[in-house]
Each structure stands twice: as C-alpha cells, then as structure tokens.
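So you can see what is in the structure, the chains are spelled out below.
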Amino acid sequence: MLAKIKRESKKGKESLSKLIHIMVKTYILIWDGSKKYMFLSFAFTIFSGILVPVTSIIWGRFINAVTDALANNEISNAIYWMILSVSINIIIGTIGYIKHYLSYMEAQCMNRYISKILFDKMRRVKVSAFDDSNFYNYVQKINNESVTRTSSIMQTSLKCVESIVSIISTLVIFIKFDFGIIIYCFLSCLPVLYINMKIAKKQYDVYNHRFEKLRYIINLKNIFTRYECVKELKVYRLHEFISNKILNYNDKFINEDKKIRSRFTIENAIADGVKNVLSGALKFLVLIKTIANRLQIGQFVTYIQLLDQLQVDISILFNVVQSFFEDGLYIDDLYRFLDDLNIEEKKGGINLIGGIQTIEFINVSFKYPGLERWALKNISTKFCQGDFYALVGINGAGKTTLMRLICGILQPTNGSITCDNIRISDMGTEYRRLLGYLPQDFGYYGDFTAVRFLNYMATLKALPRDYAKGRVEELLELVDLKDVKNKKLKTYSGGMLRRIGIAQALLNDLHHSVSTYKLHCYDENCEIQSVGDYSPYIR
C-alpha cells in the first residue's frame with residue numbers, strides 16, 4: 001500500500017513538472033508571437049481583477065447610505081455612492097470590450113506565428129516520414145489543436161490572473177471577518193476540480209484512440225464532393241456503402257460516449273451538490289456572525305456578495321488548473337514535433353560540376369515503417385549517365401520504392417546510395433535539382449490551366465522566370481498540348497494528364513529522369529514519344 005502511494009506521488013510530481021514545463025514554453029511561444037497584445041491583455045486583466053471586489057464594497061456602502069436616507073431623509077450620500085457604482089460598472093464593461101479586442105488580435109497573431117513555425121518545420125520533414133500512418137495522425141492533431149489550445153491557454157491564464165487578483169483583494173477585506181470561511185470556500189470546490197480533471201484525461205485518451213478513424217471518416221465524406229470521384233460513385237453505386245460505413249462509426253462513438261458521459265454526469269452532479277450544500281452552510285455562518293457582531297445590513301450584503309465572488313473566483317481558479325491540464329495534453333504534441341522529433345533533412349552544399357555521372361546502390365535494403373516485410377533486400381547496381389533503364393516486375397516487387405530511393409524521397413534502411421561516390425543523403429537540393437521525377441499518380445489542381453500548372457511547378461523547382469516561360473512553351477509543344485494549354489486540367493483526358501506529368505518532369509535541366517509509369521498508360525503516339533522524342537531532353 002505504501003509503495004503504491006509512493007508511485008502515485010512520484011507520478012503526480014512528474015505530471016506537475018511536465019505541466020509547468022509546457023506552460024513555460026507556451027508563454028514563451030505566445031510572447032514571441034504577440035508581445036504587445038500579451039502585455040496589454042495582462043495589464044487590463046489585473047486592473048479588472050482589482051475592480052471586482054471594489055464593486056461589492058461600493059454597493060454595500062450604497063445600501064448603508066439608503067438605510068440612513070430612509071431614517072434621516074438625506075439622499076445626497078446615497079446618490080454619490082450610486083453614481084460611483086454606475087461609473088465603476090461602466091469602466092468594467094469598457095475594459096471587457098477592450099479585453100475582447102485584445103484577445104481576438106492576439107489569436108490572429110498566434111495563428112500566423114504558429115502556422116509559420118509549422119510550415120518551416122514541415123518544409124524540412126523527410127518525405128519518408130509520410131509513409132508511416134501514425135505520422136499523419138500526429139501532424140493532423142497538431143494542425144487541428146495547436147492554435148486553438150495555445151489561445152485557450154492564454155485566455156485561461158488571463159482568467160487565472162484576474163481570479164488571483166480578485167481573490168487577494170477579497171481576502172484583504174474578508175480576513176478581518178473570518179479566515180476559516182476562506183478555507184471552507186477552497187475545500188468546497190475541490191471535488192468538482194477532481195472530477196473535471198478525470199473527465200479531461202478520459203476525453204484526451206478517447207480523442208487519441210479515435211483519431212485515425214475520425215480522419216478516415218473525414219476522407220470518406222470528402223469523396224462525396226470530389227469531382228474525380230462523383231462518376232465512380234454513381235457507376236458503382238457506392239453511396240450507400242460509404243454512408244453506412246460512416247454511420248456505423250458514428251453509432252459506435254455515440255454508444256461509447258453514452259457510457260462515459262452518463263458516469264461523469266452523475267459524478268459531476270454529486271460533486272456540485274456537495275459544493276452547493278457547503279455554500280449554503282457558509283452563508284448561514286455569515287448570517288450568524290453578522291447578527292452576533294450587530295453589523296449593518298449593508299455590511300451583511302457586502303460579505304455575502306464577497307463570499308459569492310470568492311467562490312466564483314476559486315471555482316474559476318480550479319477550472320484554470322483543469323484547463324491547463326487538458327490543454328497541456330494536446331499542445332504537448334506541438335512541442336514534441338518542434339523540439340524532439342528528429343526528422344529534419346541534412347542541408348547539402350555540394351556543387352555537381354558537369355552533372356551526375358553515376359548513381360550507385362551499395363547493398364541497399366528498405367522496409368516501410370511499421371512493416372516487417374522488406375520492400376527491397378540487398379540491392380547493388382549502378383546507373384550511368386546517357387543510358388536508359390527499365391524496371392520489370394510484378395506488382396509489389398519494389399519498382400516504385402527503388403525509384404523513390406533514387407530520387408532521395410526515401411532513405412535506405414540499410415546500405416547506401418551514392419552519386420559520383422558521394423552519399424546522396426549528404427547532397428541536399430543540388431542532387432534533386434538535376435533529377436526529373438514522374439510518379440504513377442502525381443498531384444495537380446483541376447482548376448489550373450496547363451500553362452499555369454507548369455509555371456507553378458517551375459516556381460516550386462526554383463527555376464528562373466525567363467527560363468521557365470520559354471521552357472513551358474517548348475514542353476507544351478513537345479507533348480502536343482499547345483492547342484489546349486489554356487483549358488483547365490480537370491477537363492483533360494487521362495492521356496493528356498499523363499503528358500502534362502511528363503512535361504513537369506522535364507522542366508529543369510535534367511541529367512536523370514525517373515518515371516514510375518507503365519508505357520501502356522499512354523496512347524499509341526505518346527508511347528513512341530516516350531521512347532524516342534523525349535530522350536534528347538535527358539542528358
């Protein structure tokens with residue numbers, strides 16, 4: 001039993017230490033993203049927190065002034081406190097609008113800043129990382145949650161500051177009345193905090209468990225509206241099959257949530273009931289002490305309002321702890337991605353004078369993440385400049401994998417790939433600049449024309465604008481698409497799209513071209529061009 005308590009204590013300390021570490025990193029992140037709005041938000045929040053108990057004091061003074069006015073027929077003092085109360089409320093309302101504006105602007109700045117650092121990180125991610133389905137889940141969770149959770153932590157922090165300032169101000173007033181009541185206030189809110197933290201942890205576990213299925217459902221829903229899928233759905237009558245698949249998952253999630261939510265609803269209701277009973281007992285205690293000390297009605301009202309405000313502030317403070325805990329669980333993925341995940345590409349600075357002469361595989365083996373089967377095993381071969389090679393094999397033999405290894409898209413599990421006796425993993429962009437790659441399925445934007453798409457690809461390849469302009473026209477004529485260059489790609493036939501793929505692969509000044517296409521994918525004329533007419537464009 002003692003050993004279990006020690007383990008739980010150690011686990012709690014580690015969780016607290018991790019949470020504090022995440023909070024510190026988040027505040028640094030927010031400060032880097034929006035210094036001005038963060039500073040102003042905290043300044044106005046502190047001022048707002050000071051004003052909260054002041055309103056209760058002023059209102060109590062107003063009630064005492066009204067009592068005196070009824071006895072003495074003198075209302076000037078009551079009018080003074082009423083005007084002061086209205087003025088304070090106007091100030092608090094104005095500060096609320098200012099805080100809302102600052103919150104909005106801060107969220108916009110953080111959205112931009114986090115997007116920037118994520119884009120910078122994603123730019124340096126190895127393509128091979130995307131062969132692991134868990135990596136997709138990881139990145140998608142970051143995209144979905146990072147900005148929202150960072151903004152939530154900032155807003156929660158502001159609430160925390162306002163509550164702490166308000167609690168301190170209230171304690172200064174209330175401590176003279178009865179310090180024990182303050183302790184009871186804190187204790188009455190603890191059961192709700194415990195239940196909420198349990199709920200947050202369970203929700204996070206359910207979120208992680210379901211995430212891949214949720215991503216799958218989103219992709220299935222997108223199929224219904226994707227232009228290239230509409231015809232197939234109609235022809236093969238797949239609407240009912242896909243919709244049933246989605247609805248079955250939804251039913252499963254609903255049944256799981258019903259069990260989880262019903263249990264937490266009961267626990268929350270019990271904890272809240274205990275809190276309300278304790279709150280009623282505290283107010284009764286205030287009444288007894290007011291009568292015993294023969295205080296005025298205004299003082300009684302002030303203490304009751306301060307007690308209510310104290311309970312609200314303590315509840316907010318505990319909710320802040322629970323929110324920090326919940327947000328920390330989600331945003332930790334962002335920091336692990338930025339700091340701990342070692343997936344950055346090496347930056348090369350090697351200049352290949354005269355282009356690529358040879359690409360050599362030296363005892364290369366490769367297997368995809370999460371799989372035991374080797375896609376390639378102990379491959380040793382050499383590709384020389386000026387020669388043409390064809391890979392022949394059954395489906396799944398590893399042809400596309402080998403080509404991706406040549407292009408540097410994948411890195412070998414064992415062995416090495418060299419270019420002119422230099423490892424291609426050390427060469428960076430200089431190596432890829434001399435390659436053209438045409439995958440079996442390449443991405444394109446259906447609303448782009450052929451000219452716009454090729455110019456877009458030339459920009460991605462960092463080709464000079466003047467060179468790209470002439471090259472695009474030359475290649476459109478080569479692949480016999482010049483007459484339809486201003487038509488949108490979504491109107492092209494399959495053969496025409498494949499010719500656009502060839503054109504984009506030939507955009508740069510090539511020393512090697514790699515294609516995963518089978519020749520029978522083209523029309524008859526295109527097959528002849530594939531073998532003959534395109535060869536002068538590859539050195």
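Residues numbered from 1 in each chain as written. Predicted model: local features only at pLDDT ≥ 70, side-chain atom pairs only at ≥ 80, totals over all residues. Heavy atoms only, no water.

Undergrad: Can you help me understand the confidence of the model for the chain in this one?
TA: The predicted structure's coordinates, where accompanied by low pLDDT, should not be read in detail. Chain-level pLDDT for the chain is 76 on average; 83% of the residues reach the 70-or-more range. Per-element mean pLDDT across the chain ranges from 45 in helix 14 (residues 524-531) up to 90 in strand 1 (residues 358-366). Below a pLDDT of 50 lies the segment residues 344-348, which in the model reaches 15 contacts outside its immediate sequence neighbourhood of four places, other chains included. pLDDT under 50 marks residues 516-532. Its contacts with residues more than four places away, or in other chains, come to 31 contacts. (pLDDT = per-residue confidence, 0-100. Helix = DSSP H or I, 4+ residues; strand = E, 2+ residues; numbered from the N terminus. Contact = heavy atoms within 4.5 Å.)

Undergrad: Help me out: how do you make sense of the nonpolar core in this one?
TA: A general feature of soluble globular proteins is that nonpolar side chains tend to end up buried together. Ranked by internal contacts, the top residues of the largest apolar core, which has 42 residues, are Leu29, Cys185, Ile314, Leu334 and Phe337. Those elements that provide at least two residues to this core are helix 1 (2-33), helix 2 (35-72), helix 3 (76-123), helix 4 (133-174), helix 5 (179-223), helix 7 (239-292) and helix 8 (297-340). Element by element, the count of residues in this core is highest for helix 8, at 14 residues. (Core = buried A, V, L, I, M, F, W, Y, C linked by side-chain atoms within 4.5 Å. Buried < 20%, exposed > 50% of the residue type's maximum accessible area, 1.4 Å probe, protein only.)

Undergrad: Just checking my understanding: could you explain the sheet that holds strand 1 for this structure?
TA: Taken together, four strands build an open sheet; the order of strands is 2-1-3-4 and the sheet is antiparallel. Looking along the sheet, the strands with just one partner apiece sit at the ends: strand 2 (376-384) and strand 4 (422-423). Pairing of strand 1 with strand 3 (residues 414-419), which is carried by five bridges, proceeds in the antiparallel orientation. The residue of strand 3 that forms the bridge with Ile362 is Ser416. Helix 9 (residues 399-407) contacts strand 1, strand 2 and strand 3 of the sheet and is inclined by roughly 125 degrees relative to strand 1. (Pairing = 2+ DSSP bridges. Axes fitted to C-alpha atoms, helices over the stretch in contact; angles between N-to-C directions.)

Undergrad: What is the right way to look at the packing of helix 11 (residues 450-460) against helix 13 (residues 494-505) in this model?
TA: When two helices pack together, you describe them by how their axes are tilted relative to each other and by the distance separating the axes. Two elements in contact, helix 11 and helix 13, have axes whose closest approach is 10 Å; the angle formed by their N-to-C orientations is 30 degrees. Between helix 11 and helix 13 lies a crossing whose hand is right-handed. Mapping the contact onto sequence places Ala450, Phe453, Leu454 and Met457 in helix 11 and Ile500, Ala503 and Gln504 in helix 13. (Left-handed = near helix turned anticlockwise from the far one by under 90°.)

Undergrad: What am I meant to see in the pattern of salt bridges here?
TA: Oppositely charged side chains are able to pair whenever their charged atoms sit close together. Within this structure, the stated rule accounts for six salt bridges. Among the salt bridges present, the one from Arg210 reaches Glu256, with a minimum N-O distance of 3.0 Å. Of this pair, Arg210 sits in helix 5 while Glu256 sits in helix 7, and the two are 46 residues apart along the sequence. Glu474 serves as the salt-bridge partner of Arg471, at 3.7 Å between the closest nitrogen and oxygen. With Arg471 and Glu474 both in helix 12 (residues 465-478) and three residues apart, this pair spans about one turn of that helix. By relative accessible area, which is 9% here, Arg471 ends up buried. Taken together, the shared-partner salt bridges connect Arg210, Glu256 and Asp257 into one network. (Salt bridge = Lys/Arg side-chain N within 4 Å of Asp/Glu carboxyl O.)

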